[in-house]
Structures are given as C-alpha cells and as structure tokens.
Amino acid sequence: MIMSGRPWRRRPAYSGRWEAARLSPVVLTLLIAGMAFSTPREIAFSRLLPTAPALAAAMWPVLPTVLLGAVCLLLMIVLSFFHTDLGTPYTSAAIVAVTLAAAYGSHIRLQREETLFQVRLVADAAQKVLLRPLPRRIENIEIESLYLAAQEQARIGGDFYEAIGTPHGVRLLIGDVRGKGLSAVGAAAAVIGCFREAAYDEPDLKGIVRRLETTVTRHSAAFPVHDQPEHFATAILAEIPPGGGRLRLLNCGHPPPLIAHADGIRVLEPTVPSPPLNLAALVGERYWVDTVTFAPGEQLLLYTDGVSETRDDTGRFFPLAEWMRRQNPRHLRGLLDQLHLDLLRHSGGRLDDDIAALALRTTTARERGVLGTEG
C-alpha cells in the first residue's frame, strides 16, 4: 500500500482466515479420532487418519508435519485396543508412508517459498529504483502518489511516474507502457531514467518529450519482444513554473488530467493531441503544450488508464470525474486512499490493469506560513 509518496502494496485480504486454516490439520485429526472412537468398527473412520499429515504438508513446516503423523499413528494404535480387526497394520503403514511423503513435500514447499521471498526482495529493490518514493513537498507543491499492480503478487509493472524540482519549476511525468511483464518494466525504466536527466537540462517540455521519444525508440530496437515488435507509451509531461499560478501540459495520447476547484471539476483535454512516445515517426512529430491556470488550493489528479478504464461486473467504466466531485480537495492522501478503495469496490476486488496516480496541490500563502511557523 502507499504511504506518503510511496508505492502501494496490497495487504493480504484474508490473513485472519489463513491463520485459522493453519489449524485445520489438528481439527481434522480430532474429528477423525472422535468419529473413530464413537462409531461402530465396521465404519472404520480410522482409515482417514493419513489425510491429516497430508493436509499439514500444505501449510506446516517439516517437523510439525512429522509430529502430527506420529500423533495419528499413536491414535491408530490406541484405537486397535478398543476395536479389533481394524486393519491396523495396513492403516499404520499408510500413515507412515503419507507422513514421510508429506514431510518431503513440506520441505520442497519451504524451499520454493524462500526462493519466492528472495525474488520479491529483488523486485522491491527494483521498484525503489524505478518508482522511487516521491517527496511529499517540492517547493510549495504538495504531492502524493498511488501505484497498484494488476497481478496480486506483482511488485512492478508498466505504469510509471516521477516528480522533480528543477530550475524551470516542478516537472512531472506519468505514463503507461504498452503491454505487461518485464518488457514493459524495462521500457518504463528507460523513460524514467531519461526524464530524470532531461527535466534538468531542457528549457521546455517539447525538448524533454523529444528526448523521451529517442529513448523509447532506441530501447525498442535494442530489446525487441517476440509478439510486440515495438514499444510505445502514452505519457503526460507537466510543469508548474516557479511562483505557480499556471500549469503547462504536454499530453502524448494519455487520459486527460483533472483539476478540482471550489466550483467543480475541469477535464484538461489537449487542444491538439500529441503522438504517444515512439509513434512520432508514424503520425508526425507534432507536440503541443497547453497552459492552464492552477491556483493555490486547487487539486490536480494525474492518472493512467487503469484508473479510468476499471470496469464493474456490467462493463461500466469507473466514473472518475463524478467521483472526483464528491471528494475533499484539501487532503491528497485521503483522496488517493479513497480512490484505491473505490476502485477495488467498483471492480469487485479485481484489477485488470496496472494503476498509477499523482495528486498535487499548490499550498496557499497562509498554509506556507503555518508550516513555516511549525518548522
């Protein structure tokens, strides 16, 4: 999950139920033993005792699994004193064989879990490089971020964002690489790395986007994908100049940002669409920068299409603009927390695409004075 400016992690939704399920081998053992003692010999519930260690192998370490098998074997021996002709030797042999197999299976499972844990550590490190934690404030701009991977166990995907304070003002990037998997992650990393350099060097947004275009083209040629001959990415570059009051936007085929203010919502559609990254050679290198007012206290939401194209069971898209009108424009963290919850609620708990969002607000002079006094 996201903390302040940090990529979100999904917490296990059923951790409490999982902890209860870990006791199921014990419950199963007690249930079988109780049925075996309380029913006639002919029913022979005792023959089900090998299922308990088999179930334990799926969730317990090796030693507890073996101990449970020993308990089941002991129960079988005790049962043989109360009921004769239970086939005790055969059932006991089955318990021993299943317990040994279960112990081996538990050992293999633990090894794979350790391998998966190490892979996730590497993925977490990669994400911190690709989507490094954003500062909560750059100059007089408050910033919060949201990231959700479509796959439940994923750590990184093809959506990306960045925010940097430069001599030209606060510059922002958000985008979405076509496709999923490691190829999309590589392209996203290339775009972000280029932006972090170009944002300082280039005097305007058109210079930045041309360098991003070159980077994606080179990356696509260097790392072709079998079923995807070319990478391309939609993106928005934004700039809040020193002193604020204005917002410059260059939209390369990306969903339009939203600005929330006291009178409602503005959808910032581009005056002239600019081509997505790595498609300028096909549709023409025509970049257009829009300038709009961005007053103190107003709230800007940048997002990827995973937000606006989240569907419910009937296929209806998430009503982002209507949703934004109902939110409190002063609390960015609460806004993104609520967006996360409402997206999951709208989609029935399943997201089909990666999601990234940035929420920004220019603080007022009074707020800056209060913060300065507190500091």
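No experiment lies behind these values; they were computed from the predicted model shown.

Asks: Would you take a moment to explain the sheet that holds strand β4 (residues 169-177) for this structure?
Replies: Two modes of strand pairing occur in sheets, parallel and antiparallel, and in both the strands are linked by backbone hydrogen bonds. Taken together, the five strands give an open sheet; going across it, the order is β3-β4-β5-β6-β9, and neighbouring strands pair in antiparallel fashion. Both outer strands of the open sheet, β3 (159-166) and β9 (289-294), are each paired with one neighbouring strand and no more. The sheet shows a mean angle of 20° between the axes of neighbouring strands, taken without regard to direction. As paired elements, β4 and strand β5 (residues 233-240) share eight bridges and run antiparallel to each other. Looking at β5, one finds that arginine 171 is bridged to glutamate 239.

Asks: Hey, could you run me through the sheet that holds strand β2 (residues 141-148) in this one?
Replies: Taken in spatial order, the six strands of this open sheet run β1-β2-β11-β10-β7-β8, and their pairing is antiparallel. The open sheet has two edge strands with one neighbour each: β1 (137-138) and β8 (264-267). In this structure, β2 lies alongside strand β11 (residues 355-362), joined through eight bridges in antiparallel fashion. In the strand pairing of β11, isoleucine 141 is matched with threonine 362. Lying on the sheet, helix α11 (residues 332-346) is in contact with β2, β10 (299-303) and β11; it crosses β2 at an angle near 20°.

Asks: In this structure, what is going on with the pattern of salt bridges? I would like to understand it.
Replies: Inspection of the entire model under this criterion finds 15 salt bridges. Between aspartate 337 and arginine 333 there is a salt bridge whose closest N-O contact spans 3.3 Å. Of the two residues, aspartate 337 and arginine 333 are both situated in helix α11; the distance of four residues between them amounts to about one turn of the helix. By relative accessible area, aspartate 337 is classed as partly exposed at 29%. One salt bridge in this structure joins aspartate 342 and arginine 345, with 2.4 Å as the shortest N-O distance. With aspartate 342 and arginine 345 both in helix α11, this residue pair falls three residues apart, about one helical turn. Judged by relative accessible area, arginine 345 falls into the exposed class, the value being 58%. Taken together, the shared-partner salt bridges connect Arg136, Glu144, Arg333 and Asp337 into one network.

Asks: Got a minute to help me understand the pairing of strand β7 (residues 258-261) in this structure?
Replies: Each regular strand shows side chains that alternate between the opposite faces of the sheet. Looking at chain direction, β7 and β8 are connected through four bridges and run antiparallel. Paired with isoleucine 259 across the bridge in β8 is arginine 266. Hairpin connection from β7 to β8: two residues lie between these consecutive antiparallel strands. The pairing of β7 with β10 spans three bridges and is classified as antiparallel. Bridge pairing in β10 places leucine 258 opposite leucine 301.

Asks: Quick question: what am I supposed to make of the side chain of serine 106 here?
Replies: Structurally, serine 106 is set in helix α5 (residues 88-130). Those residues in contact with serine 106 that sit more than four places away from it in its chain are Ala57, Trp60, Pro61, Val62 and Thr65.

Asks: In this structure, what is going on with the nonpolar core? I would like to understand it.
Replies: Among the nonpolar cores identified, the biggest contains 53 residues, and Phe160, Leu212, Leu237, Leu247, Leu277 and Leu360 are the most heavily contacted of them. Broken down by element, this core gets its largest block of residues, 10 residues, from helix α6 (residues 182-201). For phenylalanine 160, the contacting residues outside a window of four places in its chain are Leu131, Leu173, Ile174, Gly175, Asp176, Val177, Ala188, Val191, Ile192, Ala233 and Thr234. Judged by nonpolar contacts, the second largest core, of 21 residues, contains Phe318, Met324, Leu336 and Ile355.

Asks: Would you take a moment to explain helix α2 (residues 24-38) for this structure?
Replies: For an α-helix the count is 3.6 residues per turn, leaving residues at separations of three or four pointing the same way. Helix length check: α2 (15 residues) gives 21 Å between terminal C-alpha atoms against 21 Å at 1.5 Å per residue, within 8%. Of all the positions in α2, only Pro25, Thr29, Ile32, Ala33 and Ala36 are classed as buried. The buried residues of α2 occupy an angular sector of 100° when projected down its axis, which confines them to one face. Facing away from the buried side of α2 by more than 90 degrees, the exposed set consists of Val27, Leu30, Leu31 and Ser38.

Reading the values: the criteria
Residues numbered from 1 in each chain as written. Predicted model: local features only at pLDDT ≥ 70, side-chain atom pairs only at ≥ 80, totals over all residues. Heavy atoms only, no water. Pairing = 2+ DSSP bridges. Helix = DSSP H or I, 4+ residues; strand = E, 2+ residues; numbered from the N terminus. Axes fitted to C-alpha atoms, helices over the stretch in contact; angles between N-to-C directions. Contact = heavy atoms within 4.5 Å. Salt bridge = Lys/Arg side-chain N within 4 Å of Asp/Glu carboxyl O. Buried < 20%, exposed > 50% of the residue type's maximum accessible area, 1.4 Å probe, protein only. Core = buried A, V, L, I, M, F, W, Y, C linked by side-chain atoms within 4.5 Å. Expected span 1.5 Å × (residues − 1). Arc of directions from axis to C-beta.

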